[in-house]
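This is what each chain is made of:
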Amino acid sequence: MVLALLVCGLVVVLVAVGLFVFGLRRRLIQRSGGTFDCSLRWNVPEEPDTSGKGWVYGVARYSGDRINWFRVFSYSPRPRRSLERSAIEVRARRAPEGEEELALLSDSVVLGCDHKGTRLELAMSEDALTGFLAWLEAAPPGQRVNVA
């Protein structure tokens, strides 16, 4: 009986520590500012896919001429993807359709992009999209900007 209580207590402590580290990681990512909630779908097929599959919820952070994208449900301190401003080419903008509406945050806008030959989609709020497009267009002189 004592052993079972000890094991249960240990499990509760480990879960609490895991959740604390999870929250601490997010606070550290957001501490430097310039972050926004952004879902990502990598290697998007040519034909439209509104099944909602492939979307990963994350947090994006502006970092000079890059956007670093972090998975929300991860313990890694490093970004999962890093997108260079000069390599991002915006292709389309649309509202979520079908089951995508369930996979994404409410009021999200989907932005179809190319990055170094890889098709991807970013889903973010209208306010975050305005900031993202302004950041793209604010590239230093001489850099190519491709905004549809």
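Residues numbered from 1 in each chain as written. Predicted model: local features only at pLDDT ≥ 70, side-chain atom pairs only at ≥ 80, totals over all residues. Heavy atoms only, no water.

- In the nomenclature of an unreviewed UniProt entry, the chain corresponds to DUF2550 domain-containing protein from the organism Streptomyces niveus.

### Quick look at the nonpolar core
Soluble globular proteins tend to pack their nonpolar side chains together in the buried interior.
Stage number 1. Membership of the largest hydrophobic core comes to 21 residues, with the highest contact counts inside it found for Phe36, Leu122, Met124 and Phe132.
Stage number 2. Listing elements by their share of this core, those giving two or more residues are strand 4 (66-71), strand 6 (88-94), strand 7 (108-115), strand 8 (118-125) and helix 3 (126-137).
Stage number 3. Excluding residues within four positions of it along the chain, Phe132 makes contact with Phe36, Tyr62, Ile67, Ile88, Leu111, Leu122 and Met124. (Core = buried A, V, L, I, M, F, W, Y, C linked by side-chain atoms within 4.5 Å. Buried < 20%, exposed > 50% of the residue type's maximum accessible area, 1.4 Å probe, protein only. Helix = DSSP H or I, 4+ residues; strand = E, 2+ residues; numbered from the N terminus. Contact = heavy atoms within 4.5 Å.)

### Here we look at helix 3
Stage number 1. Its 12 residues give helix 3 an end-to-end C-alpha distance of 17 Å, which sits within 8% of 16 Å, the value for a rise of 1.5 Å per residue.
Stage number 2. Those residues of helix 3 not exposed but buried are Ala128, Leu129, Phe132, Leu133, Trp135 and Leu136. The buried residues of helix 3 occupy one face: seen down the axis, they fall within an arc of 155°. For helix 3, the exposed residues lying more than 90 degrees away from the buried face are Asp127, Thr130 and Glu137.
Stage number 3. For helix 3, the secondary structure elements touched by its buried residues are strand 1 (35-37), strand 3 (58-63), strand 4, strand 6, strand 7 and strand 8. (Expected span 1.5 Å × (residues − 1). Arc of directions from axis to C-beta.)

### Points about the sheet that holds strand 7
Stage number 1. Ordered in space as 2-8-7-6, the four strands form an open sheet in which the pairing is antiparallel. A strand with exactly one partner marks an edge of an open sheet, and here the two such strands are strand 2 (39-42) and strand 6. Averaged over all pairs of adjacent strands, the angle between their axes in this sheet comes to 25°, without regard to strand direction.
Stage number 2. In this structure, strand 7 lies alongside strand 8, joined through eight bridges in antiparallel fashion. Of the residues in strand 8, the one forming a bridge with Ser108 is Ser125.
Stage number 3. Along the sheet, helix 3 contacts strand 6, strand 7 and strand 8; its crossing angle with strand 8, the most-contacted strand, is approximately 130°. (Pairing = 2+ DSSP bridges. Axes fitted to C-alpha atoms, helices over the stretch in contact; angles between N-to-C directions.)

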